[in-house]
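Listed here are the chains, written in short residue letters.
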Amino acid sequence: METTMSKCLNFAAFIMTYQRVPTLEATINAILNQSYPPQKILIVDNDPDKSAEMVLSKFSHILVEYHSVGYNSGPAGAAKIGLEMLSTQGYKWIGWIDDDDPPIYNDTFEILLNKAELTNNCGCIGVVGQYFNKRNGLMVRVPDDELEGNGVLEVDNIAGNMCKIVNADVCLKKKVYPDESLFFGFEELDFDLRMQEAGYVLVVDKELYKRHRVKFNRIGLKIKRGIKKDEKRIWRDYYSIRNSLIILKKNKLFSAFFITIMRSFLKLISGFRYGIAYGIANARVILYAIIHFLLGKRGKVSF
């Protein structure tokens, strides 16, 4: 282990946060308890009031850097800043961490970094990944049987809340960064597709992936697609639809583009099964997403 890990000394992580100081503190502590913690933690604070700055005094014994964005740049903007800052500071591997999603197991980083070092053209590694169907624009769950055995498995997408670790060469040599104009939703997919286009692979460790599935009782899980009534989270559909269309057009995935348009209109109609009020709110979000895509509107949107 020592021989392999000695190659990984240039490992840092950024944590994106927005007005969740206690949660941020807990995540930092979880990261520090890793068997192989990062040599530096960068806090990227999207809160204009700089609420996360207060945690610095509690972690003065380690290398923690604080960066205030000055406005809410969303996960996409914060991730771009984190990767830019740490890659230019000379770190080879960069952890992309959400403030509410620390590693579950204390050997997570050690396992991932070892496998990353041993994988040719590894651009990114994480705990959980997915395939991406370029015909219909949908994510595809990795079958349970593909997680048997040891070694790594190539995937198309690793979300930012899945202990995503990025090879700094992707940023420095290929100039691939998250698209901050997406603000929220599928910014990781956009980044990962461009990373693959640049010649890198994304991998997950099969044993660690399966360990997570077992822990959360997701072995044999059947994914059911369809509209779910959740009025508090309906705004997320705006970014999901708008950003999906942006990404599909950018990658010239025209079949998936038109299928996504049709799927969105079907979702608009289906929303009325939950009543007029919900149906109107749902339709408004979907129509705004499509119209704003056509008008070229990007970034954060207030409803």
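Details of the structure are given in the entry above.
Residues numbered from 1 in each chain as written. Predicted model: local features only at pLDDT ≥ 70, side-chain atom pairs only at ≥ 80, totals over all residues. Heavy atoms only, no water.

Draft legend 1. Region of interest: a nonpolar patch on the surface. Together, F265, L287, I291 and L295 make up an exposed nonpolar region whose accessible area comes to about 380 Å². Top contributing element to the nonpolar patch by residue count: helix 10 (residues 276–295), with three residues. Tracing the sequence through the fold places L287 in helix 10. Relative accessible area serves as the criterion here: at 37%, L287 is assigned to the partly exposed category. (Patch = residues over 30% accessible without salt bridge, like charges linked within 9 Å, V, L, I, M, F, W, Y side chains within 5 Å. Areas by Shrake-Rupley, 256 points an atom, 1.4 Å probe, with all protein chains shown as cover. Salt bridge = Lys/Arg side-chain N within 4 Å of Asp/Glu carboxyl O. Helix = DSSP H or I, 4+ residues; strand = E, 2+ residues; numbered from the N terminus. Buried < 20%, exposed > 50% of the residue type's maximum accessible area, 1.4 Å probe, protein only.)

Draft legend 2. Broad picture of the packing of helix 8 (residues 235–250) against helix 9 (residues 254–270). In the contact formed by helix 8 and helix 9, the axes pass within 9 Å of each other and the chain directions differ by 160°. By the angle between their axes, helix 8 is roughly antiparallel relative to helix 9. The handedness of the crossing between helix 8 and helix 9 is left-handed. Listed contacts from helix 9 to D237, I241, S244, L245, L248 and K249 of helix 8 are A256, F257, T260, I261, S264 and K267. Of the residues contributing to the contact of helix 8 with helix 9, the split by class is six nonpolar, three polar and three charged. (Axes fitted to C-alpha atoms, helices over the stretch in contact; angles between N-to-C directions. Parallel < 35°, antiparallel > 145°, perpendicular 65-115°, else oblique. Left-handed = near helix turned anticlockwise from the far one by under 90°. Contact = heavy atoms within 4.5 Å. Nonpolar A, V, L, I, M, F, W, Y, C, P; charged D, E, K, R; others polar.)

Draft legend 3. Spotlight on the nonpolar core. Counting 64 residues, the largest nonpolar core has F14 and L83 as the members making the most contacts within it. Every residue in contact with F14, bar those within four places of it in the chain, is listed here: L42, V44, A78, A79, G82, L83, L86, I94, G95, W96 and I97. The next biggest cluster of nonpolar side chains, apart from the first, holds 29 residues, and it includes L189, I247, I286 and F293. (Core = buried A, V, L, I, M, F, W, Y, C linked by side-chain atoms within 4.5 Å.)

Draft legend 4. Region of interest: the packing of aromatic side chains. A complete count under the given rule lists twelve aromatic pairs for this structure. Between F257 and F258, the aromatic rings sit 5.3 Å apart at their centres with planes inclined by 90°, giving edge-to-face as the arrangement. Members of the aromatic cluster, each reached through a chain of ring pairs, are F183, F184, W235, Y238 and Y239. K164 extends its terminal NZ or CZ atom over the ring of W96, reaching a point 5.3 Å from the ring centre. Residue placement shows R211 over the ring face of Y105; its charged tip is 4.4 Å from the ring centre. (Phe/Tyr/Trp six-rings, centres within 6.5 Å; stacked < 30°, edge-to-face > 60°. Lys NZ or Arg CZ within 6 Å of the ring centre and 35° of its normal.)

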